[in-house]
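Residues per chain are reported as follows:
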Amino acid sequence: KIAAAKYGWSTFGIGANFLAVPKNSNLYFNTHFSYSNYKIGLDEADGRTRQSSIGGFDIGMDFNYYIRQGDLKYGLDVQGNKTNFAFVNSFGQTVTQDQNTTDLSAYVTVHKFYKKFVAEGGFRFQYYGNLGAISPEPRLSMKYNATNWLRFKMASGLYSQNIISTVSNQDVVDLFTGFLTGSNSTPANAPKDSLKSHNMQRGVDAIFGIEMDLPKNISINIEPYYKYFWHLLDINQYKVYNTDPDFMNEKGDAYGLDFLFKWQYKGAFLYATYSLSWVHRNDGEQVYYPYYDRRHNVNVVAAYTFGKKHDWEASGRWNLGSGFPFTQTQGFYEFNPFSNGIATNYTTTNGTLGVVYSSTIDGGRLPLYHRLDLQIKKVFNLKKRMKVDIAASVSNVYNRDNIFYFDRIHYVRVNQLPVIPSLAASFSW
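Throughout this document, residue positions are counted from 1 along each chain, in the order its sequence is written. Per-residue local features of the predicted model are confined to residues with pLDDT of at least 70, and side-chain atom pairs are confined, for both listing and counting, to 80 or more; whole-chain, interface and lining totals are unaffected and use all residues. Heavy atoms from the whole structure form the basis of all side-chain values; hydrogens and water molecules are not counted.

1. Some thoughts on the overall build of the chain
Secondary structure elements are taken from DSSP: a helix is a run of H or I of four residues or more, a strand is a run of E of two residues or more, and numbering for both begins at the N terminus. Broken down by element type, the chain carries zero helices and 26 strands. Looking at the chain alone, contacts between residues at least 24 apart form 58% of all its contacts between residues at least 6 apart. Summed over all atoms, the accessible surface of the chain reaches about 25100 Å², with 60% contributed by carbon and sulfur. The contact criterion used is simple: two residues touch if any of their non-hydrogen atoms lie within 4.5 Å. Only the protein chains shown count as covering a residue, and every accessible area follows the Shrake-Rupley method with a 1.4 Å probe.

2. Digging into the packing of aromatic side chains
Between rings of Phe, Tyr and Trp, where Trp is taken as its six-membered ring, a pair exists when centres lie within 6.5 Å; planes separated by under 30 degrees are stacked, by over 60 edge-to-face, and by other angles tilted. Applying the stated rule across the entire model yields 17 aromatic pairs. Ring centres 4.9 Å apart and planes at 40 degrees place the aromatic pair Phe-117 and Tyr-144 in the tilted group. In this pair, Phe-117 sits in strand β6 (residues 117-128) while Tyr-144 sits in strand β7 (residues 133-145), placing the two residues 27 residues apart along the sequence. Buried, partly exposed and exposed residues are distinguished by accessible area as a fraction of the type maximum, computed with a 1.4 Å probe on protein chains only: under 20%, between the cut-offs, and over 50%, respectively. Judged by relative accessible area, which is 39%, Phe-117 ranks as partly exposed. Given a relative accessible area of 31%, Tyr-144 falls into the partly exposed group.

3. Re the pattern of salt bridges
Here, a salt bridge means any side-chain nitrogen of Lys or Arg that lies within 4 Å of a carboxyl oxygen of Asp or Glu. Using the criterion set out here, one finds 13 salt bridges in the structure. Salt-bridge contacts for Asp-98 lead to Lys-82; the nearest nitrogen and oxygen are separated by 2.8 Å. Of the two residues, Asp-98 is situated in strand β5 (residues 94-114) and Lys-82 in strand β4 (residues 70-88); the sequence distance between them amounts to 16 residues. For Asp-98, a relative accessible area of 52% gives the class exposed. Across the pair Glu-211 and Lys-143 runs a salt bridge, and its minimum N-O distance is 3.5 Å. Here Glu-211, found in strand β11 (residues 201-214), pairs with Lys-143, found in strand β7; they are 68 residues apart in sequence, far enough to count as distant.

4. Focus on the side chain of Arg-295
Take Arg-295: it is sitting in the loop between β15 (287-288) and β16 (296-306). Each polar contact in these results corresponds to two N or O atoms within 3.5 Å; when the atoms are within protein, one needs to be able to donate a hydrogen and the other to accept it, and residues that are neighboring in sequence are counted only if both atoms are side-chain atoms. A polar contact is formed between the side chain of Arg-295 and the backbone oxygen of Ser-277, at a distance of 2.6 Å. In terms of polar contacts, Arg-295 uses its side chain to reach the side chain of Asp-293, at 3.1 Å. Once residues within four sequence positions are removed from consideration, Arg-295 is found in contact with Ser-275, Leu-276, Ser-277, Trp-278, Tyr-289, Ser-322 and Arg-365.

5. Quick notes on the pairing of strand β22 (residues 369-381)
Two strands qualify as a pair provided DSSP detects at least 2 bridges between them. Here strand β17 (residues 312-321) runs beside β22; their pairing, made up of 10 bridges, is antiparallel. When the sheet's bridge partners are listed, Glu-313 is paired in β22 with Lys-377. Where β22 lies against strand β23 (residues 387-395), eight bridges are found, and the strand directions are antiparallel. Across the sheet, the residue bridging to Lys-377 is Ala-391, located in β23. Connecting β22 to the antiparallel partner β23 that follows it, the hairpin turn spans five residues, and Lys-384 within it adopts a positive phi of roughly 55 degrees.

6. Re unusual backbone geometry
One non-glycine residue, Lys-216, adopts positive backbone phi at about 65 degrees. With respect to the helices and strands, the residue Lys-216 is situated in the loop between β11 and β12 (218-235). Here Tyr-411, not a glycine, exhibits a phi torsion of approximately 55 degrees, which is positive. With respect to the element layout, Tyr-411 can be found in the loop between β24 (403-407) and β25 (412-415). Assessed through its relative accessible area of 68%, Tyr-411 is described here as exposed.

Listed below in structure tokens is the structure:
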């Protein structure tokens, strides 16, 4: 039996909030603090190892001031992150990062009601310490209550991000996602007039929507959207020499349609969503579908509360998603690293197995994913607002073989978990 890979992750987090409401005042404020740490590692059967960790703190204060027919919000936030990353690409080149960053942000938002209109406008200033760059970001959202059952809404804004998530086209299933922060070095494919301080990821979006409250307790929400990213950073998958840049500049867009259906009557509840979406990225060499591009996604949740005290609940969730893309295999070859340079005797040296990947990035698609989970729960109400919840559930009820990992070297497939019954209890007061 061939061991496909060794995969593991760990996470830790802690946080606190302090809410203060001064007496006889229209102002209240909230102070928050959090710390988290996340580590992930993947050791392939062929010896390739990838490691990534990200951890840091977040401290901020948010103020809310009530004004006539609305409210005013503003706040400050300080974030500190430490990233550690190690990755070897398909050409055998290593990309590493061990970096500490401190980011500052300030925002102001005004929320106003006027007759049938609800509007929210805001501005955010983001400072990225490791890049020495400031990003001014306006935001706007509006809703028009046309009737008591029909509403129209829209939202748009500029956004930036310093955290980069990256995967490898060497993977069939993208189990390993590494996290980095933006680099102040010049990436490959960067415009000639691009400044290093502009290495933050930037994008703009526009979202429209229709909300309808129909008879028979039915609610429908339809939202088309479009997002454009004119500056994205990713690991340079084309890095061949040590002198090549570690990062590359890309562009991209995402668009689609989200549909939401809700129905509720007495103890019965039905919730269903459908998403149709397209995502593209352009690395300067080709336009491709990134690993998170999923054309269709369906979620159906149903629940029923019953019993004399309404203390029983039966529920189920069914999820369906079309396959994610992956880069296909063209063939294999013997890889000789020429460890002794030109003195290496390639006629007697045994190399390792190398992979020839398709020149088309993410040209293949994984199989369809779908799963059904069921649960029944009983609530025991005790004295002094104490209660105990006992829930019995079954995951993957019809034992669907959904792919979890695939080793393209040994052609080994590992599926996700089979039918899993479980029993859980919780106590609250």
